[in-house]
Amino acid sequence: MMSTGTFQVDFEHLIRLLAENLYSDPHVAIRELIQNASDSCVRRIAQQALFKPAIHVRIEPNQRLLIVEDNGTGMARDDVVRYLATIGASQTRQVKFSTADQNAAQMLIGQFGIGFLSTFVIGQQVTVDTLAEGSEQAVLWRSQGSADYSLELGTRQTIGTTVTIELEPAFYNLLDESTLRSTIICYADFIQFPVYLGDDARPINRMNGPWHLDGSEHEYIDYVQHRFGAVPLAVEPIAIKQHNAECSGVLAIMPSSAALKIHPRKLDVFQRRMYVCEDMQLLPAWATFVCGIIDAPLLELVASREGFMIERPNYRALREALADAVRSFLIRLAQREPATFLQVVKQHNSGIKQAAVNDNQFFAAVADLLTFESDLGPITLTRYLERIPVRGAGERTIFYVLNDLPPSAQQRAIVGARGVPVLHVNLIEEKFLKKYCAARHGVSFQPLTAGIAELLEAETDPQWRKLEQHCEQLGMHVYAMRFEPSNLAALAMRASDYKREQVVDSLLKGSGSLLNFVQSVGRKRSDDYVLCLNTLNPLIQQLRDGQPSDQRWATVIRALWGYALLSSGIELTPELGEAVQHAQMSLLELALTQG
Ligand SMILES: Nc1ncnc2c1ncn2[C@@H]1O[C@H](COP(=O)(O)OP(=O)(O)OP(=O)(O)O)[C@@H](O)[C@H]1O
């Protein structure tokens, strides 16, 4: 036998559940109340063009009351029951889709018919005193968020609605005027009707952003400062109107000061003039230093109005359109406002370079404009390339050191003697160099530690091979090389710093044994070093014909090896340290015995 049943609802529990789980931020109740007030003013304007809308927010600290009052349409008794007291019913939605007045339809915000529930997140009792046009008597609706509500005669004498919330103790902070003020400004700054707080004679909302009024650049700057608390370095008004992507607003670049409370990347998104949320995902991930304030009418809201449905085509379309807008903003700055762009680069150096690494168009526009720290101070890559020697068939190498890996005194001396400036880069800049070199024929980049081999020349005179072999007998890997400055007698390099092919390429001509060496160290531990003796150095020239059996010769060669290791800036293993110390001591002993 079949039977049917009806869901039983624990109404009070359901309301609390809905209210508390739908809204993550209790302050949204203020937004919902102002939004309802605004919608009712829009509906009244549609009927009575000359009426002057106003919304008042007040607090009664002693009675712990928060009051929002409007002079909009108000509600007749039937409306209260049918819309306010029916979860999911929305007169606003009905009007929005039925009115012939397109302007009014555009301005109406409510659609889900659940926003009023949020008042039960912050209130233990809510009363609505409302008088509608044509009603003789106001209606007073009262609810404690349970299944029952009461309806009685209200006291309102003028058309409109007064919502009074008896606050839960947890939300007494809303009785603090400045908290309330900033909450209203955050959500409702662009609501186009005046919102008055307490006895203020002036509205606390600006009612319009510069994009609503076709504002000047100064007005955009002023608004960004008002909202984000600091003067932006640059602003760009945006007005996107595409098939399924629309938005108006402003993009901005804020100073990077640590004292600034806001994150340099922030996007405040409004819809129909009401703030919805901060949504960084709408900005391209590479634009880490770009902020914005936008109104995006086509994005689809989630029911709590705390975010958008990100899988929808409109969301994706707007994200793409915004990426284009950010790109043109940055390119315009770089090309048309060099002084401002310089400021931006100074303050967001890594951010700009990261943007360029990630975005080809932006890269192409700024690759030759951006400066890098170098031994010569800030320098563009174009200037750098002009300064460095050209090898072979027009090849040039950009030498750089990573910030945390400073070059040794030896390496500096060698590049200095060749007049080659060294760039000081971070990891992002290293990626930038990679991209830069990939796009330019004959230009390569080398970290100084590994690339120094390119500046040494293998010694071709066979006499030097003998020196190398003699050193080999002492257990040292030594190569006779020619390099400036000539007063630098010896140079120690970590074998693993070499890229084998490059070393082989540049040195093979002069020293076949180097190839063997490189191949052998490739299999050894990373603390294998090669000692390069400078054949231009008079002391080394003196040592050329020595024999390992000559005690003095061997001591000097070992001491040179120790000296080269010490000044190479390499962190020595305990064993190496000991060997170096021993070599130095032997030299001193030798000096004393000779004396
Ligand atoms: N201040 C007000 N003046 C006149 N009518 C109101 C007022 N506040 C609420 N209402 C009525 O109650 C209905 C329900 O309000 P509620 O805030 O729950 O949803 P909504 O604003 O319609 O939609 P949403 O959930 O998207 O905000 C409104 O559509 C409107 O008809």
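Here the residue numbers are simple positions, counted from 1 along each chain's written sequence. In view of the model being predicted, local features appear only for residues whose pLDDT reaches at least 70, and side-chain atom pairs are presented and counted only at 80 or more, with totals across whole chains, interfaces and linings using the full set of residues.

Points about the overall build of the chain
Here a helix means four or more residues in a row that DSSP labels H or I, a strand means two or more in a row labelled E, and each is numbered from the N terminus. Helices and strands together make up the secondary structure of the chain, namely 22 helices and 21 strands. Only the C-alpha atoms count toward the radius of gyration. The rule for a globule is 2.2 Å times the residue count to the power 0.38. The C-alpha radius of gyration computed for the chain amounts to 37 Å, which surpasses the reference 25 Å derived for 595 residues by more than 25%, pointing to a less compact arrangement than a globule. Its C-alpha atoms put the chain at 120 × 60 × 55 Å along the principal axes. Exposure is read from a count of other C-beta atoms within 10 Å of each residue's own; the residue is exposed at 12 or fewer, buried at 20 or more and partly exposed in between. C-beta atoms are placed from the backbone. Expressed as a percentage of the 595 residues in the chain, the buried residues total 40%.

Here's the deal with the UniProt feature "binding site: ATP" (unreviewed entry) in the chain
UniProt positions are given in the numbering used here, feature names are shortened, and annotations may be inferred rather than shown by experiment. Listed under "binding site: ATP" (unreviewed entry) in the UniProt record, and renumbered for this structure, are Glu32, Asn36, Asp70, Met75, Gln111, Phe112, Gly113, Ile114, Gly115, Phe116, Thr161 and Arg305. Over a stretch of 274 residues, the named residues are scattered through the fold, their C-alpha atoms separated by up to 23.9 Å. Its place among the elements puts Ile114 in the loop between helix H5 (102–107) and helix H6 (119–122). Accessibility expressed as a C-beta count within 10 Å gives 19 for Ile114, which makes it partly exposed. A pair of residues counts as a contact when their C-beta atoms, built from backbone coordinates, are separated by no more than 7 Å. Setting aside chain neighbours within four positions, we find Ile114 in contact with Ile87, Gly88 and Ala303. Relative to the assigned elements, Gly115 resides in the loop between H5 and H6. Gly115 sits in the buried class, given 25 other C-beta atoms within 10 Å. Excluding its chain neighbours within four sequence positions, the residues that come into contact with Gly115 are Glu32, Gln35, Asn36 and Gly110.

Description of the packing of helix H2 (residues 28–47) against helix H7 (residues 177–188)
Helix axes use the C-alpha atoms of the stretch in contact, all axes being lines fitted to C-alpha atoms, and the angles between their N-to-C directions lie in the range 0 to 180 degrees. Two elements in contact, H2 and H7, have axes whose closest approach is 9 Å; the angle formed by their N-to-C orientations is 60 degrees. Taken together, the axes of H2 and H7 are oblique relative to one another. Seen along the crossing, H2 lies across H7 with a hand that is right-handed. Within the contact between the two elements, H2 uses Ile30, Arg31 and Ile34 and H7 uses Thr183, Ile184, Tyr187 and Ala188. Classification used: nonpolar for Ala, Val, Leu, Ile, Met, Phe, Trp, Tyr, Cys and Pro, charged for Asp, Glu, Lys and Arg, polar for all others including Gly. Broken down by class, the residue content of the contact of H2 with H7 amounts to five nonpolar, one polar and one charged. Throughout this description, any angle smaller than 35 degrees is read as roughly parallel, any larger than 145 degrees as roughly antiparallel, any in the 65 to 115 degree range as roughly perpendicular, and the remainder as oblique. Helix crossings get a hand from a simple test, with the near helix turned counterclockwise from the far one by less than a right angle marking a left-handed crossing and a clockwise turn marking a right-handed one.

As for the sheet that holds strand E12 (residues 290–295)
The strands making up a sheet are joined through hydrogen bonds of the backbone, oriented either antiparallel or parallel. Read across the sheet, five strands follow the order E8-E9-E12-E10-E11 without closing on themselves; strand pairing throughout is mixed. Sheet topology places strand E8 (234–241) and strand E11 (274–278) at the edges, where each strand pairs with a single neighbour. Sheet twist, expressed as the average angle between the axes of neighbouring strands with direction ignored, equals 20 degrees. For two strands to be treated as a pair, DSSP must find no fewer than two bridges joining them. Alignment of E8 against strand E9 (residues 246–253), held across eight bridges, turns out to be antiparallel. Bridging from a neighbouring strand, Ala234 pairs with Ile253 of E9.

Focus on the confidence of the model for the chain
Values of pLDDT, ranging from 0 to 100, describe the predictor's confidence in every residue of the model. Looking at the chain, pLDDT values average 85 and 90% of them are 70 or higher. Within the chain, helix H19 (residues 512–521) has the poorest average pLDDT of any element, 40, and strand E7 (residues 195–197) the best, 98. In this model residues 498–527 is a low-confidence stretch, pLDDT under 50, and it forms 39 contacts with partners more than four residues away in sequence or in other chains. Scored as a complex, the prediction yields pTM 0.77 and ipTM 0.98.

Quick word on the packing of helix H21 (residues 551–566) against helix H22 (residues 574–594)
For any two helices packed against each other, the geometry comes down to the angle between their axes and how far apart the axes lie. Interaxial distance between H21 and H22 falls to 8 Å at its minimum, and their mutual angle equals 135 degrees. On the basis of the axis angle, H21 is oblique to H22. Seen from above, H21 lies across H22 with left-handed handedness. Contacts from Arg552, Thr555, Val556, Arg558, Ala559, Trp561, Gly562, Leu565 and Leu566 of H21 reach H22 at Leu576, Val580, Ala583, Gln584, Ser586, Leu587 and Leu590. Across the contact of H21 with H22, the residue classes break down as 10 nonpolar, four polar and two charged.

Digging into the sheet that holds strand E2 (residues 65–70)
The seven strands lie next to each other as E5-E4-E3-E6-E2-E1-E7, forming an open sheet whose pairing is mixed. Each end of this open sheet is capped by a strand with a single partner; those strands are strand E5 (149–153) and E7. Taking each pair of neighbouring strands and ignoring which way they run, the sheet shows an average axis angle of 15 degrees. Direction of pairing for strand E1 (residues 55–60) relative to E7: parallel, over a ladder of three bridges.

Some points on the site of the ligand
The criterion for a residue being near a molecule or strand is a backbone-placed C-beta atom within 6 Å of that molecule or strand. Lining the immediate environment of the ligand, one finds 23 residues, of which Asn36, Ser90, Gln91, Gly110 and Gly115 sit closest. Broken down by secondary-structure element, the contributors of at least two residues to the shell around the ligand are H2, helix H3 (77–84) and helix H4 (91–98). Considering every element that reaches the shell around the ligand, the biggest residue donor is H2, with five residues.

Re the nonpolar core
Ile34, Val250, Ala252, Val326, Tyr400, Leu531 and Cys532 are the most contacted members of the largest nonpolar core, which totals 146 residues. Apart from residues no more than four positions distant in its own chain, Val250 is found in contact with Trp211, Tyr220, Val224, Val235, Glu236, Pro237, Ile238, Gly292 and Ile293. By our criterion, buried Ala, Val, Leu, Ile, Met, Phe, Trp, Tyr and Cys residues that link up through C-beta atoms within 7 Å make up a nonpolar core.

Brief notes about the pairing of strand E6 (residues 160–167)
Among the eight residues in E6, seven count as buried, and that is most of the element. Pairing analysis gives eight bridges linking strand E3 (residues 123–131) to E6, with the strands arranged antiparallel. Considered in E6, the bridge of Asp129 is made with Thr162.

Considering helix H15 (residues 427–438)
Counted at 1.5 Å a residue, the expected span for H15 with its 12 residues is 16 Å, and the 17 Å between its end C-alpha atoms agrees. Within the span of H15, buried status applies to Glu429, Phe432, Leu433 and Tyr436. Taken around the axis of H15, the buried residues stretch over an arc of 100 degrees, which confines them to a single face. In this structure, H15 carries Leu427 and Ala438 as exposed residues pointing more than 90 degrees from its buried face. The elements touched by buried residues of H15 are helix H11 (349–358), strand E13 (371–374), helix H13 (381–387), strand E15 (396–402), strand E16 (423–425) and strand E17 (443–447). Here the expected span of a helix is defined as 1.5 Å times the quantity of residues minus one. Working note: the arc is built from the helix axis to C-beta atom directions.

Focus on unusual backbone geometry
Of note, the amide linkage connecting Glu484 to Pro485 takes the cis form, showing an omega dihedral of 0 degrees. Relative to the elements of secondary structure, Pro485 occurs in the loop between strand E19 (478–482) and strand E20 (490–494). One non-glycine residue with positive phi stands out, namely Arg64, at about 55 degrees. Of the residues examined, Arg64 has 18 C-beta atoms within 10 Å and is grouped as partly exposed. Backbone geometry places Met207, a non-glycine residue, at a positive phi of 75 degrees. As for its position among the elements, Met207 is in the loop between E7 and helix H8 (217–228).

Things to note about the environment of Asn71
Secondary-structure assignment places Asn71 in the loop between E2 and H3. Through-space distance from the C-alpha of Asn71 to that of Arg327 is 45 Å; in sequence the pair is 256 residues apart. Beyond its immediate chain neighbours, meaning those up to four positions away, Asn71 contacts Pro53, Ala54, Thr158, Ile159 and Gly160.

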